[in-house]
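# Coordinate inspection notes
Listed below, chain by chain, are the residues.
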There are 2 protein chains.
Amino acid sequence: MSEQRPLRADARRNHEHIVATARAAFAELGPDVSLNVIAQRAGVGAGTLYRRFPNREVLVEAVYRDDISQLTDQAVELAERLPALEALERWVRDVLVPAQQRPGLATTLNTALATAPEVFSESKKRFSEAADRLVSAAQADGAVRHDVQTRDVLRMAAGLALASIDAPDACHRMLVVMFDGLRTP
Amino acid sequence: MSEQRPLRADARRNHEHIVATARAAFAELGPDVSLNVIAQRAGVGAGTLYRRFPNREVLVEAVYRDDISQLTDQAVELAERLPALEALERWVRDVLVPAQQRPGLATTLNTALATAPEVFSESKKRFSEAADRLVSAAQADGAVRHDVQTRDVLRMAAGLALASIDAPDACHRMLVVMFDGLRTP
DNA sequence: ACCTGAACACCGTTCAAGT
DNA sequence: ACCTGAACACCGTTCAAGT
């Protein structure tokens, strides 16, 4: 997709340093830190940051790429270890929902739901495919109804997580409702 | 709650004119129009706007107060006309979800879910009570499970609506899942 | 008692000038 | 080929000065 020409050594160093600085800044100052502040902390000019990361979303994605990979790995691991429906439920409850409640990560994940799969970055594609396998397996088992799509499940979890930040008990009840609703009627 | 001392005539005129201008500006320029632009369009100084509406949320609420009342009225009307569960489902599907997909209105509604009821404005209190009656009636009928709260239903609908703007078919499927899940097991 | 509007500190973004 | 950082147009918010 996007041509990855090799970068000059200093450019490459800058790139990585900006991402690391941004990760720290997001954690320390919240997900709305100004990009100028990040550039300043990273010791680069604002222009440098903007050439590598044309908008905030691109930077956010670079910061959370590793986290997305982790979510993916956990999906794979649960799928191997547990019956299909249990794996799906554990993944949504313990992995996906908590992830959606981390502000920066949620934004990144949700653009993955909104955009067409063709423009996904590699990490998001892997994520999306792992989620697909969880849902499809639960459907093949006959545990989950066939008139829902993987994206529906992801979207619902996302919405529900967003709507219940700082209300874990409400979150739990809504997940119960959701999973009862997902069962084959 | 908030002391409503009578305003001087010009202040009162300004207040209403700002709200009307803001409503038009939100509709025309989107929900992120700058407050300075609204002040300018309303022909008042920025300071005037900020004294009446100390932050954006207060202004947004003033703009959408009438809409919230309409949502409330429709809840009451459906409750009178239909069996409890149907009334609830119709209200969520045809009234609440579309409302949650209107950016400005959604913000206002959702603070109603997040904040404690004691600080609700009058219109939000009426809204919240009407929703409560719909859910309680459906529970009293035995149609809806008792281990969910009104706020859970509102939150779920909100999250789901937010997650499926511009995806009406996904929205429909998620609502099916939600209402199946809400049934008494 | 209320209003005005210039002023402040900040934001994202660009682009001439440097190495 | 890449970087710097001043500059631009804008934001929300404040507050002295006016009526």
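Residues numbered from 1 in each chain as written. Chains lettered and ligands numbered in written order. Predicted model: local features only at pLDDT ≥ 70, side-chain atom pairs only at ≥ 80, totals over all residues. Heavy atoms only, no water.

Around DNA strand C lies a shell of 19 residues, among which Ser34 and Tyr50 of chain A together with Asn14, Gly45 and Thr48 of chain B are the nearest. Sugar and phosphate atoms represent 67% of those atoms of DNA strand C found within 4 Å of the protein. Contact distances for DNA strand C include 3.5 Å between a phosphate oxygen and a backbone N or O atom of Gly43 of chain B. In this structure, Arg52 of chain B approaches DNA strand C through a side-chain N or O atom, which is 3.2 Å from a phosphate oxygen. Breaking the surface near DNA strand C down by element, the ones donating at least two residues are α2 (35–42) and α3 (46–52) of chain A together with α1 (9–29) and α3 (46–52) of chain B. At five residues, the largest contribution of residues to the surface near DNA strand C is made by α3 of chain B. Tallied by class, the residues present in the surface near DNA strand C amount to six nonpolar, eight polar and five charged. (Near = heavy atom within 4 Å. Polar contact = N/O pair within 3.5 Å; in protein donor to acceptor, adjacent residues only side chain to side chain. Helix = DSSP H or I, 4+ residues; strand = E, 2+ residues; numbered from the N terminus. Nonpolar A, V, L, I, M, F, W, Y, C, P; charged D, E, K, R; others polar.)

Our focus in this paragraph is the side chain of Asp67 of chain B. Residue and element names in this part refer to chain B. With respect to the helices, strands and loops of the structure, Asp67 is situated in helix α4 (residues 56–81). In this structure Asp67 comes out as buried when scored by relative accessible area, which is 15%. There is a polar contact of 3.3 Å between the side chain of Asp67 and the side chain of Arg102. If we ignore the near neighbours within four places in the chain, the residues touching Asp67 are Arg102 and Leu105. (Buried < 20%, exposed > 50% of the residue type's maximum accessible area, 1.4 Å probe, protein only. Contact = heavy atoms within 4.5 Å.)

Another point: the pattern of salt bridges. All names here are of chain B. According to the stated counting rule, one finds 32 salt bridges over all chains in the structure shown. Its salt-bridge partner being Lys124, residue Glu57 comes within 4.0 Å of it at the nearest N-O pair. Here Glu57, found in helix α4, pairs with Lys124, found in helix α7 (residues 122–140); they are 67 residues apart in sequence, far enough to count as distant. A residue is classified by how much of its surface remains accessible, and Glu57, at 23% relative accessible area, is partly exposed. (Salt bridge = Lys/Arg side-chain N within 4 Å of Asp/Glu carboxyl O.)

Asn14, Gly45 and Thr48 of chain A together with Ser34 and Tyr50 of chain B are the nearest of the 20 residues found near DNA strand D. In DNA strand D, atoms within 4 Å of the protein come from the sugar-phosphate backbone in 66% of cases. Within the contact set of DNA strand D, a phosphate oxygen lies 3.2 Å away from a side-chain nitrogen or oxygen of Arg52 of chain A. Between DNA strand D and the protein, one listed contact pairs a base nitrogen with a side-chain N or O atom of Asn36 of chain B at 3.0 Å. Among the residues making up the surface near DNA strand D, the classes are represented as seven nonpolar, eight polar and five charged.

What follows covers unusual backbone geometry. For Asp166 of chain A, which is not glycine, the phi dihedral falls at a positive 65°. Structurally, Asp166 of chain A is set in the loop between α8 (150–162) and α9 (168–182).

With that settled, the discussion passes to the nonpolar core. With 108 residues, the main nonpolar core has Trp91 and Val92 of chain A together with Trp91 and Val92 of chain B as its most contacted residues. When near neighbours in sequence (up to four residues on either side) are disregarded, Trp91 of chain A contacts Leu71, Gln74, Ala75, Leu78, Leu96, Phe127, Ala131, Leu134 and Leu154 of chain A. (Core = buried A, V, L, I, M, F, W, Y, C linked by side-chain atoms within 4.5 Å.)

For the rest of this paragraph, the subject is the domain arrangement of chain A. Residue and element names in this part refer to chain A. Partitioning chain A into domains gives domain 1 (9–54) and domain 2 (58–182). Computed from C-alpha atoms alone, the centre-to-centre distance between domain 1 and domain 2 is 28 Å. Both faces considered, domain 1 and domain 2 share a buried interface measuring about 750 Å² in area, 83% of it formed by carbon and sulfur atoms. Considering only the surface of domain 1 that becomes buried against domain 2, Arg23, Phe26 and Phe53 emerge as the three largest contributors, covering 56% of it. Inspection of the domain 1/domain 2 interface yields zero salt bridges. The tally of links from domain 1 across to domain 2 stands at one residue pair in polar contact (both at pLDDT 80 or more). Elements supplying a minimum of two residues to the side of domain 1 that touches domain 2: α1 (9–29) and α2. Considering every element that reaches the side of domain 1 that touches domain 2, the biggest residue donor is α1, with five residues. In the side of domain 1 that touches domain 2, the residues fall into nine nonpolar, no polar and two charged. (Domains from an automatic or database assignment. Buried area = accessible area lost by both parts, 1.4 Å probe.)

Chain B puts 23 residues into the contact, and the matching count from chain A is 23 residues. Buried surface at the junction of chain B and chain A, both sides included, amounts to about 1800 Å², of which 65% is carbon and sulfur. Counting the contacts that link chain B with chain A gives four salt bridges. Between Arg145 of chain B and Asp180 of chain A there is a salt bridge, with the nearest N and O atoms lying 3.0 Å from each other. Listed by contribution, the elements that provide at least two residues to the side of chain B that touches chain A are α8 (150–162) and α9 (168–182) of chain B. Broken down by element, the residue count for the side of chain B that touches chain A peaks at nine residues, all from α9 of chain B. Tallied by class, the residues present in the side of chain B that touches chain A amount to 13 nonpolar, four polar and six charged.

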